[in-house]
Amino acid sequence: MNDKTTKKEKDPMGRAIFDYHTTGKAAKLRVLSSMFYEDEIPVHTLFRKFEEMPIQEKQAIELCRGRVLDAGAGSGCHSALLMERGLEVVAIDISELSVEVMRERGIDARVINFFDERFTEKFDTILLAMNGIGIVGKVERLGEFFRAAKRLLAPGGQILLDSSDIKYVFMDDDGSMEIDLAAGYYGEVDYKMRYKNIAGEPFDWLYIDFETLAMYAEEHGFHCEKCIDGEHYDYLACITESNPDV
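Throughout, residues of each chain are indexed from 1 in the direction in which the sequence is written. Owing to the predicted nature of the model, reporting of local features is limited to residues with pLDDT of at least 70; listing and counting of side-chain atom pairs is limited to 80 or more, with chain, interface and lining totals taken over all residues. Water and hydrogen atoms play no part in the side-chain values, which are based on all heavy atoms of the structure.

1. Considerations on the overall build of the chain
A count of helices and strands for the chain gives six helices and 12 strands. Referenced to the eigenvectors of the C-alpha coordinate spread, the extents of the chain come out at roughly 50 × 45 × 35 Å. Here's how the labels work: a residue is buried when its accessible area is under 20% of the maximum for its type, exposed when over 50%, partly exposed in between, all with a 1.4 Å probe on protein chains only. Expressed as a percentage of its 246 residues, the buried residues of the chain come to 49%. Of the contacts formed within the chain by residues at least 6 apart in sequence, a portion of 64% connects residues at least 24 apart. For the chain, the computed accessible surface area is about 12200 Å², with 48% contributed by carbon and sulfur atoms. Charged residues are defined here as Lys and Arg on the positive side and Asp and Glu on the negative side; His and the ends of the chain fall outside this count. By convention, the point assigned to a charge is CZ for Arg, NZ for Lys, CD for Glu and CG for Asp. One way to put it: in the chain the 29 positive side-chain charges average out to a point 7 Å from where the 46 negative ones average out. Numbering of helices and strands runs from the N terminus, with a helix taken as a DSSP run of H or I at least four residues long and a strand as a DSSP run of E at least two residues long. For this analysis, residues touch if any pair of their heavy atoms sits within 4.5 Å. Reported accessibility uses the Shrake-Rupley method at a 1.4 Å probe radius. Residues are deemed covered only where the shown protein chains occlude them.

Next comes the structure, spelled out in structure tokens:
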């Protein structure tokens, strides 16, 4: 059972979210990986409004129905929008600081790991926005993800998630690709984050192409449908159980 959560002293993103929420500004949230050059997450984007969201996130908000689980909710920007639309929302995150911020924003937020088997509530929609499927980390853990989804989905429920096919990272100018197949699935990325003097623990993050996602979904009793393509190799998918319990 994976029930890991993130304590305040080891939580760069949570601290950045907390600072921005309380002061209206934040320092640089740095993202490091062995695969890419150092990057930065503009913290204000974690508090974006509906009109600032990419097309696949807007579509996901529109498609949410019933009781919604916002998994990996961060600052709660999606939860807040859904609540404005009259939906019942439970937001979960492994970050204590992020949950503290969401609670101050009036959101029913809890420090819970999506994979924690003790979490057994039922939801009509599970929302994993901002490449939320990344929490799986490795393709080999997709089975664990779908088992957790079956535990949490109400009959007739749906999973809405967006992700990206990062094959473009490996493309040459002529369109050919250089991928080391022996190194595992190309969408598995290792990350670390830093904020001020806080260094986070390394973690695995998954970007998955739609065809691979659909294949694994089918293997575990789900049907996967692409709702919309984004602007750069990204997409929104809706996943439902093929033979849900009634």
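Following the structure, the description resumes.
2. Some thoughts on the nonpolar core
Residue types Ala, Val, Leu, Ile, Met, Phe, Trp, Tyr and Cys, when buried and joined through side-chain atoms within 4.5 Å, form a set referred to as a nonpolar core. Leu69, Phe114, Phe145, Ile159, Leu161 and Leu213 are the most contacted members of the largest nonpolar core, which totals 54 residues. The biggest single contributor to this core is helix α5 (residues 142-152), with six residues. With residues up to four places along the chain from it excluded, the contact list for Leu213 reads Phe146, Leu161, Ile208, Cys224, Tyr235, Ala237 and Ile239. Counting 11 residues, the second largest nonpolar core, distinct from the first, contains Cys64, Val68, Leu82 and Cys238.

3. Quick word on helix α6 (residues 210-219)
Of all the positions in α6, only Phe210, Thr212, Leu213, Ala214 and Ala217 are classed as buried. For α6, the elements touching its buried residues are α5, β7 (153-164), β11 (222-229) and β12 (234-241). The term polar contact refers here to a pair of N or O atoms within 3.5 Å; inside protein, the definition further demands a hydrogen-donor-capable atom paired with an acceptor-capable atom, and it admits residues adjacent in sequence only when both atoms are side-chain atoms. Measuring from the side-chain oxygen of the N-cap residue of α6 to the backbone nitrogen of Glu211 gives 3.3 Å; that N-cap residue is Asp209. Two residues or fewer past α6, Gly221 is found with a positive phi of approximately 85 degrees.

4. Comments concerning helix α3 (residues 77-84)
The buried fraction of α3 is high, at six of eight residues. Every buried residue of α3 is accounted for by Cys77, His78, Ser79, Ala80, Leu81 and Leu82. The elements touched by buried residues of α3 are α2 (55-63), β3 (68-71), β4 (89-93) and β6 (123-128). Immediately downstream of α3, the backbone of Gly86 shows phi near 90 degrees, a positive value.

What is shown is where atoms sit, not what they do.
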